[in-house]
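A structural walkthrough
Chain by chain, the residues:
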Amino acid sequence: MECLFEVTYFTPELKTSSIETGKLKFGASGYWLDSDSGLGFSYRFESTPYGTKLVIPVKSLKENKKNKFATIAFRCSGFIGHEGDGGELFTPYASGYLTQTAGHETAEYLLAIFNERTWQVSWGNMPLYGFFRDSHCWIGLIEGGKLDADLRLRTAWGGQKIYSLDPIFNIRHSMNELPLDENITILFAELSGSWKEAAKWYRKYNLEVRKLKPIAERITDEPDLEYSTKSLTVRCRMAVKPLPTQILEQRPENEPKPRVFLTYDNVKKIAEEFRKQEVGPAEFNLVGWNHGGHDGAFPQLFPTVEGGGSEDELRSLIEHINDLGYHISLHDNYYDCYTLAQNFNFDDTCREFGEYGGPMIGGGRLGGGQAYRVCPQKAVDYAKANFEEVTKKLPGLRGPYFVDVISIISMKPCSHPAHLIDRRDNSEYYKQILKLQHDIFGLSMSEGSRDWALPELDRAYMIYNLDKPVERFCDEHIPFFQMVYHGIILYNNCRLFINTFPGDREYAENLAWGGLPMLYFHHIFNPSWSADGGWSLDLTYEGAEKLIKDVAVFKKMSDDMVKLAPTQQAFIEDFIRHENGIVETVYSNGMHLFVNLGIAVAETPDGEQIPVGEFRFRLNG
């Protein structure tokens, strides 16, 4: 394989310049130096049991003049195709995107994996990329520098209509930013087969190199995990301040009162109806129970939200849900912070690199007003203090304690001299919070499924945001992530699968891709959210009569989960789309799950009929 590279750099005039190409001899070692810019680095290729590894030691990066590295990109021939050659490029967005080397417009896409340039969520979930053609594949796994890496995807590029996928390492994003401080490493693996073999290779890598433990091995020592493999997640939104917020910097004397959706007594009635209709196992999670409601005053948690009930009533609810045989936990947040919070020091906010160096904005303008981004290093301190207070005041919490955002948001450095961190530090501090959740409450849960968060992350709110990819370069969305991580982490696949029910296509698709259904009482609370953005599925509490009817549906969902619970302890070994709309998921324990995602009644390969939106399963033999 031929390996070219490109360098961009910052000049003393703060302009960006570039050196178009250099060449690395694959399998060898060497040193590159550009005399004009004064930039250079050494490299070596190492043979490993998993493939050939390219290493650029960070200490070898030389900036002999006033120029400073900006990026280094690698363009390798194993990841290049041409119009109509039958190839497919793999991008690790959502569960995995395939781009066919045919029919695309000339375009270039710069795709962040785990890093962030503007306030947005990229959907990179894994630091690898690939190219498949003629039952042969190349995989590139970014090991070192993955939190500072992008992928550059080109389609129908130039006169030869080239398709290519190149990793770009951001040594620094600006002249003022500290440089990358870990070795750049890419592991190249050459395999026979398709994306499915690539997924199994990456699973093996995760089990053997990263030492991730499968759920089946963990449940003996972790009873809460075993319970969670067959549990409905039931999120209950208690209260939220009026949105859009009118007061950005709130104080106790002008803080808006929250709108109450559910009281503790309401949640108690929901749980009682669950038990009456024998729904379960179930894990209840209270959202907006804290001071100011959802996103109301973080990192301050107490006193509990006004209008939801007293703290004594919350303790009574926790005890009652435990007595009913269910688990209950809380929603929390260590990404957003508000100046309203009595326990918050504004000096703990993340600071931008640059001349201004001002505090970073967090999640925008939410219930507590202007949300700022708390430095991840400081976030650990807040989490430790808050978890101690929570366990003292609210005994009996158990199950997936939910900390918002941290497993889905992109990584950011902080320039504050008192808590200076890079993107790798960012991830390590968030992993500390996830581990605290697990160790104190039994399980950790957060919003996304970025694989840097494993093994500390136990359960993911979602893998991807939309069930129909909108990116122009995506020709097929595949369950690559699921083939790698099913049986290692629990998950709901998609935000749009929340509050979908038996008979719905989305509910069936979630099961087909190994997901666990999720309920959310009063899911939609922001008036700016519309059906166009996928905000149309809500579940509301409106008294006993409606609750009885709703819970009857939940009973069917719960029964489905108990039937399929053995699959949560197994790996996905194959995923087959049959021509009649049947999707077949094959598990390592011998279970075959058949789901009808078509438009008419269809038969499994062995002749069993399945109505639209329903499923059947069988064991080998």
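To be clear, the structure that these remarks concern was listed above.
These lines cover the structure that appears in this document, whether it is placed above or below. Here the residue numbers are simple positions, counted from 1 along each chain's written sequence. Where local features are concerned, this predicted model is filtered to residues with pLDDT of at least 70; where side-chain atom pairs are given and counted, the filter is 80 or more; whole-chain, interface and lining totals use all residues. Side-chain calculation: all heavy atoms of the structure are included, whereas hydrogens and water are not.

Focus: the layout of surface pockets
The method works on a 1 Å grid over the protein atoms by themselves. A cavity is a set of points holding a 1.4 Å probe that cannot get out, a pocket is an open set with protein on both sides within 12 Å along at least five of seven lines, and residues with an atom within 4 Å of a point line them. Grid points are joined across faces, edges and corners, and a volume is the space filled by probe spheres set on the points. Empty space within the largest pocket amounts to approximately 730 Å³. Asp404, Val405, Glu447, Trp529 and Trp535 are the residues nearest the centre of the largest pocket, which is lined by 30 residues in total. Counting only elements with at least two residues in the lining of the largest pocket, the list comes to β17 (232–237), β21 (327–333), β23 (361–366) and β25 (399–404). Ten residues, namely Ala, Val, Leu, Ile, Met, Phe, Trp, Tyr, Cys and Pro, are considered nonpolar, four, namely Asp, Glu, Lys and Arg, are considered charged, and the remaining ones, Gly among them, are considered polar. By residue class, the composition of the lining of the largest pocket is 15 nonpolar, eight polar and seven charged. Size it by volume and the second largest pocket reaches roughly 300 Å³. Strands are runs of DSSP state E lasting at least two residues, helices are runs of H or I lasting at least four, and both sets are numbered from the N terminus onward.

Looking at the sheet that holds strand β31 (residues 572–577)
Between any two strands, pairing holds if DSSP finds at least two bridges. Pairing in this open sheet of four strands is antiparallel, and the strands run β31-β32-β33-β36 from one edge to the other. A strand with exactly one partner marks an edge of an open sheet, and here the two such strands are β31 and β36 (615–619). Ignoring strand direction, the axes of neighbouring strands in this sheet form an average angle of 15 degrees. As paired strands, strand β33 (residues 591–596) and β36 are joined by five bridges and run antiparallel to one another. Residue pairing for β36: Val595 is matched across the bridge by Phe615. We call two residues in contact when some of their heavy atoms are within 4.5 Å. As a rule, the C-alpha atoms of each element are fitted with a line to give its axis, helices using only the stretch in contact, and angles between N-to-C directions run from 0 to 180 degrees. Sheet strands in contact with helix α9 (residues 505–512) are β31, β32 (582–587), β33 and β36, and its direction is about 160 degrees off that of β33. Relative to β36, helix α10 (residues 544–564) is tilted by about 20 degrees, and along the sheet it contacts β33 and β36.

Some remarks on the packing of aromatic side chains
Two rings from Phe, Tyr or Trp (for Trp, the six-membered ring) form a pair when their centres are within 6.5 Å of each other. A pair whose planes differ by under 30 degrees is stacked, one over 60 is edge-to-face, and the rest are tilted. Considering all chains together, one arrives at 38 aromatic pairs under this definition. Seen in terms of ring centroids, Phe90 and Phe132 are 6.3 Å apart; in terms of plane orientation they differ by 50 degrees. Their pairing is tilted. Taken together, the positions of Phe90 in strand β9 (residues 88–91) and Phe132 in strand β12 (residues 128–133) put the pair 42 residues apart, joining distant regions of the chain. Taken as a pair, Phe90 and Phe132 share a single burial class, namely buried. Put simply, the rings of Phe26, Tyr43, Phe45, Phe79, Tyr129 and Phe188 touch in pairs and so form one group of aromatic residues. The ring of Phe402 has Arg235 lying over it, and the distance from NZ or CZ to the ring centre is 4.1 Å. Exposure is judged per residue with a 1.4 Å probe applied to protein chains only, and the accessible area is read against the type maximum: over 50% gives exposed, under 20% gives buried, and values in between give partly exposed. Charges are assigned to positions over rings by a cutoff of 6 Å between ring centre and Lys NZ or Arg CZ, combined with an angular limit of 35 degrees from the ring normal.

Remarks on the side chain of His294
Residue placement: His294 occurs in the loop between β20 (282–287) and α5 (311–323). At 2.7 Å, the side chain of His294 forms a polar contact with the side chain of Arg237. For this analysis, a polar contact is any N or O atom pair within 3.5 Å, provided that within protein one partner can donate a hydrogen and the other can accept it, and provided that sequence-adjacent residues contribute only side-chain to side-chain pairs. In this structure the side chain of His294 is engaged in a polar contact, spanning 3.4 Å, whose partner is the side chain of Asp295. Setting aside residues up to four positions removed in sequence, His294 forms contacts with Arg237, Ala239, Val240, Val287, Gly288, His331, Asp404 and Phe525.

Digging into the nonpolar core
Nonpolar cores are built from buried Ala, Val, Leu, Ile, Met, Phe, Trp, Tyr and Cys residues. Side-chain atoms within 4.5 Å join them into one set. Ranked by size, the top nonpolar core spans 187 residues in total, and within it Phe274, Phe284, Leu286, Trp289 and Phe480 carry the most contacts. In this structure, Phe480 is in contact with Phe90, Ser95, Gly96, Met126, Leu128, Trp195, Ala198, Ala199 and Tyr202, ignoring residues within four places of it in sequence.

Concerning helix α7 (residues 423–441)
Take the residue count of a helix, subtract one, and multiply by 1.5 Å to get its expected span. A rise of 1.5 Å per residue sets the reference length of α7, with its 19 residues, at 27 Å; its end C-alpha atoms lie 27 Å apart and thus fit the reference within 8%. Within α7, the full set of buried residues consists of Arg423, Asn426, Ser427, Tyr430, Lys431, Ile433, Leu434, Leu436, Gln437, His438 and Phe441. Those residues of α7 that are buried lie in contact with α2 (215–218), α3 (223–228), β24 (369–373), α6 (376–393), β25 and β26 (442–446). Its side-chain oxygen 3.2 Å from the backbone nitrogen of Arg424, Asp422 forms the N-cap of α7. Gly442 sits one or two positions beyond α7 and adopts a positive phi of about 115 degrees.

Here's the deal with the pattern of salt bridges
Pairing between side chains of opposite charge can happen when the charged atoms of each approach one another. Put simply, a salt bridge is a Lys or Arg side-chain nitrogen that is within 4 Å of an Asp or Glu carboxyl oxygen. A full pass over the atoms with the stated rule returns 43 salt bridges. A salt bridge links Asp574 to Lys196; the nearest nitrogen and oxygen atoms lie 2.9 Å apart. Placement of Asp574 in strand β31 and of Lys196 in helix α1 (residues 195–208) is noted, with a sequence separation of 378 residues between them. Residue Lys241 pairs with Glu255 through a salt bridge whose shortest N-O separation is 2.9 Å.

Considering the sheet that holds strand β27 (residues 459–460)
As summarised here, the arrangement of the eight strands in space is β29-β27-β26-β25-β21-β20-β17-β30, forming an open sheet in which the pairing is parallel. Bordering the open sheet on either side are β29 (490–491) and β30 (518–521), each of which pairs with just one other strand. Sheet analysis places β17 next to β20, joined by six bridges and oriented parallel. Pairing of Thr233 across the sheet is with Glu283, part of β20. The strands touched by α7 are β25 and β26; relative to β26, the strand with the most contacts, the crossing angle is about 145 degrees.

Comments concerning α6
With 18 residues, α6 should cover 26 Å at 1.5 Å per step; its first-to-last C-alpha distance of 25 Å lies within 8% of that length. For α6, the complete set of buried residues consists of Pro376, Ala379, Val380, Tyr382, Ala383, Asn386, Phe387 and Val390. Projection of α6 onto a plane perpendicular to its axis shows the buried side chains occupying an angular sector of 165 degrees, all on one side. Exposed side chains of α6 directed beyond 90 degrees from the buried face belong to Glu388 and Lys392. Residues of α6 that are buried make contact with β21, β25 and α7. An arc is given here, and it is the one of the directions from the helix axis to the C-beta atoms.

Here's the deal with the environment of Leu394
Tracing the backbone through its elements, the reader meets Leu394 in the loop between α6 and β25. A C-alpha to C-alpha distance of 37 Å links Leu394 and Asn206, two positions 188 residues apart in sequence. Setting aside anything within four residues of it in sequence, one finds Leu394 in contact with Trp289, Phe302, Glu311, Leu314, Arg315, Ile318 and Leu330.

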